[in-house]
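# Coordinates in review
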Amino acid sequence: MKDLFYGVWPICRKEFTHIRRDPTTLFFTLAVPLMQLFLLGLAVDTNVRQIATVVLDESHTQQSRQFIDKLAASDSFHIVAHVDSADKLDNAIRAGEARVGVRIPYDYARRLQEGNTARVLVLMDGSDSSVAGQATNASTGVAMQLSLAQLLGNSPMPVEVRPSVLYNPSTRSANFFIPGLIAVLLQMMVILMVALSLVRERERGTLEQLTMTPVAPLGLMVGKMIPYGVMAFAELCVILAVMRVVFLVPVHGNVLTLLVLSMPFLLTVLGLGLIISTKAQTQAEAFQLAMATILPSIFLSGYIFLIENMPPFFAMLSKLVPTTYYIRIVRGIVLRGAGLEDLWMNGLILLLMGCATVGIAALLFVRQQRHT
């Protein structure tokens, strides 16, 4: 067992020295993920509010004004203009001046007074499905409130639902978005740095010198991994502090548990970086391969889209994405206060993935050296 990792500490010291002498690497490793965290954390809001809305009121009655006031009072609609024709209503949506158009017909009040159904046309810009969905739900809710008030008058509601949102009562977008963003940033930083390190050695001609020294393949791989793993762990601590202090995301669980369960994820992405470095011949190629791992980690990990809503093939494919399990860990601990007994299976899967990726990287490196 000792021979398998022979030479790990000299390689580790060499890599630490190289990083210390390369301020560009230090800046990229430490500053760029924080910049991305600030940019994405401050700019992205997944909650749909204050949708720009234009109104065409052909009724001009107290009842129609009441409907418009209900829309304006909700947090979903922001009435930006009143128009006097259907063409102007359509043009405002087509030009992007508004996302929603509301048309109240001339017989709206009369049909209500006669006890008939009064129809209101709500036009939505379907180019953004999230806006269209929120507008549909909100406009339906306003119509339901007015309908119940018309039917029941002062009578109490026969059934009342009192929703209670757990873990994120204010439904802040940052509370949900930033914990998942931690996984994406760590993966991007670690894979890119490790992949470039070995390829850089190959381009400079120093990799051949390393292979001539008495260093075991696993010793070389692990020695390359440790410095970047330490840097990634330090970066994780900084990001967690920024998340808590700057973005005010509450941490409901144990931070120590989060740090412990982060190590298998770091091991996995370090191994992926090593696999990329064994396949890439140039730094440009390594950069492209590293970037290719980002899209699956965003779209197939449950970070943005629910895995349960994916087609079966992609839902199965998501089980091969390490970020899937780490996002469950981070969100479980930060948002829901989950403990080790709830998340240990995710950590175990990541640990197995990490050992597998490091072993595969060592085998590929040995095979590559035999062919050169």
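Fair warning: this is a prediction, and the values are worked out from it, not measured in the lab. (Residues numbered from 1 in each chain as written. Predicted model: local features only at pLDDT ≥ 70, side-chain atom pairs only at ≥ 80, totals over all residues. Heavy atoms only, no water.)

## A closer look at a nonpolar patch on the surface
Together, Leu340, Trp344, Met345, Leu348, Leu351 and Leu352 make up an exposed nonpolar region whose accessible area comes to about 570 Å². Looking at the secondary structure, you find Met345 in helix α15 (residues 340-371). (Patch = residues over 30% accessible without salt bridge, like charges linked within 9 Å, V, L, I, M, F, W, Y side chains within 5 Å. Areas by Shrake-Rupley, 256 points an atom, 1.4 Å probe, with all protein chains shown as cover. Salt bridge = Lys/Arg side-chain N within 4 Å of Asp/Glu carboxyl O. Helix = DSSP H or I, 4+ residues; strand = E, 2+ residues; numbered from the N terminus.)

## A closer look at the environment of Phe38
Take Phe38: it is sitting in helix α2 (residues 23-43). The exposure class assigned to Phe38 is partly exposed, which follows from its relative accessible area of 32%. Spatially, the C-alpha atoms of Phe38 and Phe247 are 8.9 Å apart, while their sequence positions differ by 209 residues. Setting aside anything within four residues of it in sequence, one finds Phe38 in contact with Val242, Val246 and Phe247. (Buried < 20%, exposed > 50% of the residue type's maximum accessible area, 1.4 Å probe, protein only. Contact = heavy atoms within 4.5 Å.)

## A closer look at the environment of Asn175
As for its placement among the helices and strands, Asn175 is situated in helix α7 (residues 173-204). For the pair Asn175 and Leu335, spaced 160 residues apart in sequence, the C-alpha to C-alpha distance is 7.3 Å. Among all residues touching Asn175, those that are not within four sequence positions of it are Asn168, Leu248, Val249, Pro250 and Leu335. Engagement of the side chain of Asn175 in a polar contact is seen with the side chain of Arg172, the distance being 2.7 Å. (Polar contact = N/O pair within 3.5 Å; in protein donor to acceptor, adjacent residues only side chain to side chain.)

## Notes on the sheet that holds strand β2 (residues 77-82)
Sheets are built from strands that pair by backbone hydrogen bonding, the pairs being arranged parallel or antiparallel. Strand order in this open sheet of four strands is β2-β1-β3-β4, and the pairing throughout is mixed. With partners counted over all chains shown, the strands left at the sheet margins are β2 and β4 (121-124), one partner each. Here the average twist between neighbouring strands, direction ignored, is 25 degrees. Bridge count for strand β1 (residues 51-57) against strand β3 (residues 100-104) is five bridges, and the pairing is parallel. Its bridge partner lying in β3, Val54 is registered against Gly101. Lying on the sheet, helix α4 (residues 86-94) is in contact with β1, β3 and β4; it crosses β3 at an angle near 165 degrees. (Pairing = 2+ DSSP bridges. Axes fitted to C-alpha atoms, helices over the stretch in contact; angles between N-to-C directions.)

## Thoughts on the pairing of β2
Where β1 and β2 come together, five bridges link them in parallel fashion. Bridging from a neighbouring strand, Ile51 pairs with Phe77 of β2. Taking the sense of rotation as the criterion, the β-α-β connection linking β1, helix α3 (residues 62-73) and β2 turns out right-handed. (Right-handed = clockwise from strand over helix to strand, strands pointing away.)

## Quick look at the pattern of salt bridges
By the definition in use, this model includes four salt bridges. The salt bridge partner of Glu58 is Arg103, with a shortest N-O separation of 3.1 Å. Here the residue Glu58 occupies a position in the loop between β1 and α3, and Arg103 occupies one in strand β3, the gap between them amounting to 45 residues. Note that Asp107 is salt-bridged to Arg110, the shortest N-O span being 3.8 Å. Sharing partners across several salt bridges, the network here consists of Asp107, Arg110 and Glu114.

## Focus: the packing of α7 against helix α11 (residues 283-292)
Relative orientation of the contacting elements α7 and α11 amounts to 160 degrees, with a least axis distance of 9 Å. In this view, α7 runs roughly antiparallel relative to α11, as classed from their interaxial angle. Like other packed secondary-structure pairs, α7 and α11 cross with a definite hand, here right-handed. Of α11, the residues touching α7 (which contributes Met188, Ile191, Leu192, Ala195, Leu196, Val199, Arg200 and Glu203) are Gln283, Ala286, Phe287, Ala290 and Met291. Considering only residue class, the contact of α7 with α11 consists of 10 nonpolar, one polar and two charged. (Parallel < 35°, antiparallel > 145°, perpendicular 65-115°, else oblique. Left-handed = near helix turned anticlockwise from the far one by under 90°. Nonpolar A, V, L, I, M, F, W, Y, C, P; charged D, E, K, R; others polar.)

## Focus: the packing of aromatic side chains
Under the criterion given, the structure shown has six aromatic pairs. Aromatic side chains Phe38 and Phe247 sit 5.9 Å apart centroid to centroid with 40 degrees between the ring planes, which places their arrangement in the tilted category. Within this pair, whereas Phe38 is found in helix α2, its partner Phe247 is found in the loop between α9 (217-245) and α10 (255-279), the two being separated by 209 residues in sequence. For Phe247, a relative accessible area of 5% puts it in the buried group. Ring geometry for Phe177 against Tyr303: centres 5.4 Å apart, planes inclined by 35 degrees, an arrangement best described as tilted. Residue Phe177 is found in helix α7, and its partner Tyr303 is found in the loop between α12 (294-299) and α13 (312-317); the two are separated by 126 residues along the sequence. Tyr303 matches Phe177 in its accessibility class, with the two residues each being buried. Across from the ring centre of Phe176, 3.8 Å away, lies the NZ or CZ of Arg331, which sits over that ring. (Phe/Tyr/Trp six-rings, centres within 6.5 Å; stacked < 30°, edge-to-face > 60°. Lys NZ or Arg CZ within 6 Å of the ring centre and 35° of its normal.)

## So, the nonpolar core
Ranked by internal contacts, the top residues of the largest apolar core, which has 69 residues, are Leu37, Leu186, Val190, Met221, Leu258, Tyr326 and Ile329. Ranked by the residues each element gives to this core, the list is headed by α7, at 20 residues. Contact partners of Tyr326, with chain neighbours within four places excluded, come to Ala183, Leu186, Leu236, Leu258, Leu261, Ser262, Phe265 and Leu350. Among the nonpolar cores identified, the runner-up in size contains 15 residues, and Val55, Val100, Val102 and Ala138 belong to it. (Core = buried A, V, L, I, M, F, W, Y, C linked by side-chain atoms within 4.5 Å.)

## With respect to unusual backbone geometry
Of note in this structure, His60 is not a glycine but carries a positive phi near 55 degrees. Inspection of the secondary structure assignment puts His60 in the loop between β1 and α3. Although it is not a glycine, Leu248 sits at a positive phi angle of roughly 55 degrees. Summarising the element assignment, Leu248 is placed in the loop between α9 and α10.

Honestly, that's just the spatial picture; any functional story needs more than this.
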